[in-house]
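Structural overview
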Amino acid sequence: MSKTDQPAPISWTIDRFANGQAVLTNDQHQLLVPRGQLPENIKEGDVVTAEFYLLKNEKKRKENIARALLEEILGEE
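Residues numbered from 1 in each chain as written. Predicted model: local features only at pLDDT ≥ 70, side-chain atom pairs only at ≥ 80, totals over all residues. Heavy atoms only, no water.

1. Quick look at the overall build of the chain
Going by this rule: Only DSSP runs of H or I reaching four residues or more are called helices, and only runs of E reaching two or more are called strands; each is numbered from the N terminus. Note that the radius of gyration is over C-alpha atoms, with the globule rule given as 2.2 Å times the number of residues to the power 0.38. We call two residues contacting when some pair of their heavy atoms lies within 4.5 Å. Residue-level accessible areas treat just the shown protein chains as cover; the underlying method is Shrake-Rupley with a 1.4 Å probe. Working convention for charge: Lys and Arg count positive, Asp and Glu count negative, and His plus the chain ends are omitted. In this description, the location of a charge corresponds to atom NZ of lysine, CZ of arginine, CG of aspartate or CD of glutamate.
Broken down by element type, the chain carries 1 helix and 4 strands. A compact globule built from 77 residues should have a C-alpha radius of gyration of about 11 Å, whereas the chain, at 19 Å, is more than 25% larger. For the chain, the share of sequence-separated contacts (at least 6 apart) that also reach a separation of at least 24 residues comes to 39%. Accessible surface, the chain: about 7,000 Å² in total, of which carbon and sulfur atoms supply 52%. Within the chain, the 13 negative side-chain charges are centred at a point lying 3 Å from the centre of the 10 positive side-chain charges.

Now the structure itself:
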């Protein structure tokens, strides 16, 4: 699928900020995003979009860390 064949990104409106989180809303959903993940100058009422990327090796990396910690706890080598 080419980039032009992809659906339009979902837009979100900054509804409010609470407890270090931005509350983003659209017609169907609400999403909480850590305030630090958004641009510094963003304010209530601004509209944003997001792109998601698959981190192919991240799952394996986390499994390896968990396995190493478990082996350390259990004293296995």
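Once the structure has been displayed, the description carries forward.
2. Focus: helix α1 (residues 58–74)
Rules: Helices are assigned an expected span. That span is 1.5 Å times one less than the residue count.
With 17 residues, α1 extends 24 Å between its outermost C-alpha atoms, agreeing within 8% with the 24 Å of an ideal straight helix rising 1.5 Å per residue. Count one or two residues on from α1 and you reach glycine 75, which has phi positive near 75°.

3. Some thoughts on the nonpolar core
As a reminder of what qualifies: Among buried residues, the Ala, Val, Leu, Ile, Met, Phe, Trp, Tyr and Cys ones that are joined through side-chain atoms within 4.5 Å form a nonpolar core. Burial status follows relative accessibility: with a 1.4 Å probe on protein chains alone, a residue under 20% of its type maximum counts as buried, one over 50% as exposed, and anything between as partly exposed.
In terms of nonpolar packing, the biggest core is built from 8 residues, these being Trp12, Ile14, Ala22, Leu24, Val33, Leu38, Ile42 and Val48. Where this core is concerned, the elements lending two or more residues are β1 (11–18) and β2 (21–25). Once you skip the residues sitting within four places of it in the chain, isoleucine 42 turns out to touch Ile14, Phe17, Arg35 and Val48.

4. Focus on the pattern of salt bridges
To keep things clear, this is the line we draw: Salt bridges, as used here, are contacts in which a Lys or Arg side-chain nitrogen is within 4 Å of a carboxyl oxygen on Asp or Glu.
Per the stated rule, a full pass over the model turns up 3 salt bridges. When the shortest N-O distance is used, the salt bridge between aspartate 15 and arginine 16 registers 2.3 Å. Overall, arginine 16 belongs to the partly exposed group, its relative accessible area being 35%.

5. Quick word on the pairing of strand β3 (residues 30–34)
Put simply, the rule is: Between any two strands, pairing holds if DSSP finds at least two bridges.
Looking at chain direction, β2 and β3 are connected through 5 bridges and run antiparallel. Opposite alanine 22, over in β3, you have valine 33 as the bridge partner. The loop that links β2 with its antiparallel partner β3 comprises 4 residues.

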